[in-house]
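The chain contents come next:
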Amino acid sequence: MTSSEKVDYDALIPNNVGLADDPKLRRALEAWHPGYIDWWMSMGPEGFQAADVFLRTAVSVENEGWAQFDYVKMPDYRWGILLAPAVEGRTIPCGEHAGEPVWQEVPGEYRALLRRLIVIQGDTEPASVEQQRFLGATAPSLYDLRNLFQVNVEEGRHLWAMVYLLQKYFGRDGREEAGALLERQSGSDDRPRMLGAFNEETPDWLSFFMFTYFTDRDGKMQLEALAQSGFDPLSRTCRFMLAEEAHHMFVGYTGIRRVVQATVEAMEAAGIEDPYDLEAIRPLGVIDLPTVQRKTNQHFSLTLDLFGSEESTNAANAFNAGIKGRYHESQLDDDHRLINDTYPVMKLVDGRFRSVDVPALIALNARLRDDFIDDCQGGVARWNRVIAGAGIDFEIRLPHVAFNREIGEFSDLNTSPTGELLTDDEWEAAVDEWLPTVADRAHIESLMNSKFEAGEYASWIAPPSKGIQNKPEDFLYVKLP
Ligand SMILES: [Fe+2]
Ligand SMILES: [Fe+2]
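Residues numbered from 1 in each chain as written. Chains lettered and ligands numbered in written order. Predicted model: local features only at pLDDT ≥ 70, side-chain atom pairs only at ≥ 80, totals over all residues.

Q: Talk me through the overall build of the protein chain; I want residue IDs and the actual numbers.
A: The helix and strand inventory of the protein chain stands at twelve helices and five strands. For a compact globule of 481 residues, the expected C-alpha radius of gyration is about 23 Å, and the protein chain comes in at 23 Å, within 12% of that figure. Dimensions of the protein chain along its principal axes, counting C-alpha atoms only, are 65 × 65 × 40 Å. Considering the protein chain as a whole, with its 481 residues, one finds that 46% of them fall into the buried category. (Helix = DSSP H or I, 4+ residues; strand = E, 2+ residues; numbered from the N terminus. Rg over C-alpha atoms; globule rule 2.2 N^0.38 Å. Buried ≥ 20, exposed ≤ 12 C-beta atoms within 10 Å, placed from the backbone.)

Q: Quick one: what's the story with the sheet that holds strand β2 (residues 67-73), residue by residue and with numbers?
A: Spatial strand order, β2-β1-β5: three strands in an open sheet with antiparallel pairing. Bordering the open sheet on either side are β2 and β5 (478-479), each of which pairs with just one other strand. Relative to β5, strand β1 (residues 52-58) runs antiparallel, the two being bridged by two bridges. By the bridge assignment for β5, Asp52 is matched with Lys479. In this fold helix α3 (residues 142-169) packs onto β1 and β5, with an angle of close to 40° to the strand it touches most, β1. (Pairing = 2+ DSSP bridges. Contact = placed C-beta atoms within 7 Å. Axes fitted to C-alpha atoms, helices over the stretch in contact; angles between N-to-C directions.)

Q: Run through the packing of helix α5 (residues 205-227) against helix α6 (residues 232-270), naming residues and quoting values.
A: At a minimum axis distance of 8 Å, the contact between α5 and α6 shows a crossing angle of 155°. Of the possible angle classes, the one that applies to α5 and α6 is roughly antiparallel. As α5 runs across α6, the sense of the crossing is left-handed. Residues of the contact of α5 with α6, tallied by class, amount to 16 nonpolar, six polar and six charged. (Parallel < 35°, antiparallel > 145°, perpendicular 65-115°, else oblique. Left-handed = near helix turned anticlockwise from the far one by under 90°. Nonpolar A, V, L, I, M, F, W, Y, C, P; charged D, E, K, R; others polar.)

Q: How would you explain the nonpolar core if you had to name every residue and give the values?
A: If you look at the biggest cluster of nonpolar residues, it comprises 121 residues, and the most contacted ones within it are Ile118, Phe149, Val163, Phe209, Ile256, Val259 and Val260. The residues contacting Val163, other than those within four sequence positions of it, are Trp32, Gly122, Ala178 and Leu181. (Core = buried A, V, L, I, M, F, W, Y, C linked by C-beta atoms within 7 Å.)

Q: Please give an account of the pairing of strand β4 (residues 352-359) that cites residues and values.
A: Along any regular strand the residues' side chains alternate between the sheet's two faces. Burial within β4 is sparse, with just zero of its eight residues counted as buried. Where strand β3 (residues 342-349) meets β4, eight bridges bridge the pair, whose relative direction is antiparallel. The residue of β4 that forms the bridge with Thr342 is Pro359. Linking two consecutive strands that pair antiparallel, namely β3 and β4, is a turn of two residues; a positive phi of about 50° is found at Asp350 within it.

Q: Explain the environment of Ser459 to me, and be specific about the residues and the numbers.
A: Mapped onto the secondary structure, Ser459 falls in the loop between α12 (438-447) and β5. With 15 C-beta atoms counted inside 10 Å, the residue Ser459 sits in the partly exposed group. Setting aside residues up to four positions removed in sequence, Ser459 forms contacts with Ala262, Gly285 and Val286.

Q: Which residues make up unusual backbone geometry, and what values go with them?
A: The general pattern is negative phi for most residues beyond glycine and trans for most peptide bonds. One non-glycine residue with positive phi stands out, namely His328, at about 60°. By secondary structure assignment, the location of His328 is in the loop between α9 (313-321) and β3. Residue His328 is classed as exposed on the basis of its C-beta count, with 12 C-beta atoms lying within 10 Å. For Asn404, which is not glycine, the phi torsion reads 55° and is therefore positive. Checked against the element boundaries, Asn404 lands in the loop between α10 (364-389) and α11 (424-434).

Q: Explain α6 to me, using residue names and the numbers behind them.
A: In a regular helix each residue adds 1.5 Å, so 39 residues correspond to 57 Å; α6 covers 57 Å between its end C-alpha atoms and thus fits that length. The sharpest bend along α6 comes to roughly 35°, located at Ala243. Of all 39 residues in α6, 28 are buried, a share of seventy percent or more. (Expected span 1.5 Å × (residues − 1). Bend = angle between axes of the 7 residues up to and from the residue.)

Q: Give me the packing of α6 against α10: which residues, what numbers.
A: Pairs of packed helices are described in terms of their axes, by the angle between the two and the distance that separates them. At a minimum axis distance of 9 Å, the contact between α6 and α10 shows a crossing angle of 15°. As summarised for this structure, α6 and α10 are arranged roughly parallel, according to the angle between their axes. The handedness of the crossing between α6 and α10 is right-handed. Where α6 abuts α10, its residues Tyr253, Ile256, Arg257, Val260, Gln261 and Val264 lie against Gly379, Arg382, Trp383, Val386 and Ile387.

Q: Could you give an account of helix α1 (residues 23-43), naming the residues involved and the relevant values?
A: For α1, which comprises 21 residues, the first-to-last C-alpha distance of 30 Å matches the rise-based estimate of 30 Å (1.5 Å per residue) to within 8%. The sharpest bend along α1 measures roughly 30° and falls at His33, with the proline Pro34 sitting one to four residues further on. Each element contacted by the buried residues of α1 is listed here: α3 and α4 (171-180).

Q: Go over the environment of Ser229, please, and point to the residues and values.
A: Positionally, Ser229 belongs in the loop between α5 and α6. Counting along the chain gives 93 residues from Ser229 to Gly322, while the straight-line C-alpha distance between them is 6.1 Å. If we ignore the near neighbours within four places in the chain, the residues touching Ser229 are Leu234, Ser235, Ile323, Lys324 and Gly325.

Structure (structure tokens):
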């Protein structure tokens, strides 16, 4: 590791990118900083800016000991610019330049393409903070409240990460894009965030856990693909972001597992075996499993749309250019050019879903989406083990890839979660079984009452099996002012 990779933690903006030796960039970032703080104060977690939160802050980029835990008021969080260490002799992993040394500067011919990818990634980071800003008031415990804020401050840091790339490598238009990232707003009519799922509401904690399980995992897949970039600063930025992202998906996975656990334990205690007996289950103050399934259907399908059209020349161009790789590109065993390869993409052919071989280069979105679906399965299987362990006959399933889609191959179809094609009337008649209903939302809403005593948990969620940093059960994760 060279000295420039050591984290300068005393600077106004903590960094390991040598900001102290780059006055022009430092000035640009320092000029952007007040707008960021304004954004955080007005669009960040509502009502808790003065609380002391037990947060993790990245202080190094080593594999071990990269984070420090302490009480911090969120506006004082040390948002920094941290790149994973450079890999000696790294080469462009894919496309027409495969095998050539990675770029340390933006290759002129790919400038627009690269800037667009960075802006799209950057836009999602503040968007999720905006979507989650009202959740604090209904947190089911201080542990969960702390986890929400941890995710929020790190999404803020991810915005810094993308803004660094824009300011350092893209001159005036990079500066403009950095400003615009603070101007668009999730759900806004005139200046919405760039991607659909990031303009939806996250109105309750089950939605938050679903979001962090599914939608943060889309983020992981995109970051994994960008971590393979031949533009080395982007690769290093994304590699370090992935270290933080893992916790976000942990929050989602364990959150839903704890919801399921609370439900089956309450059912067992009340002697209820039928998971569909909502009239008996809901008064127990838990979220019934069919509602968990409907929320799963909703968030999974919405997240699949983030992968874009199955066949995409933009995706092919980014790969060909060596700007964006496949998931685990450097570990894949092929020529990394894909000129003559094919990839099987699910399509509707003569009224039936079939795998159709298409040129691999244009099927990269479909491929990344397939990798995402695989990555989703593990947690779902573990939720189901909790249900089976309680002797309840119910299985949470990921819906068919064509279910409830707005983008790509299946956007004009009506299909059931198991992939049967339906007429409009059949869809209308059954949709309440498959997607959250007004009554589901009202029930969830009725459970969203805060528990702010240390060690207390709302009835609808089980305590975690272990505390953050192995803290005891009654640890005060957030000190309210
Ligand atoms: Fe992020
Ligand atoms: Fe995240």
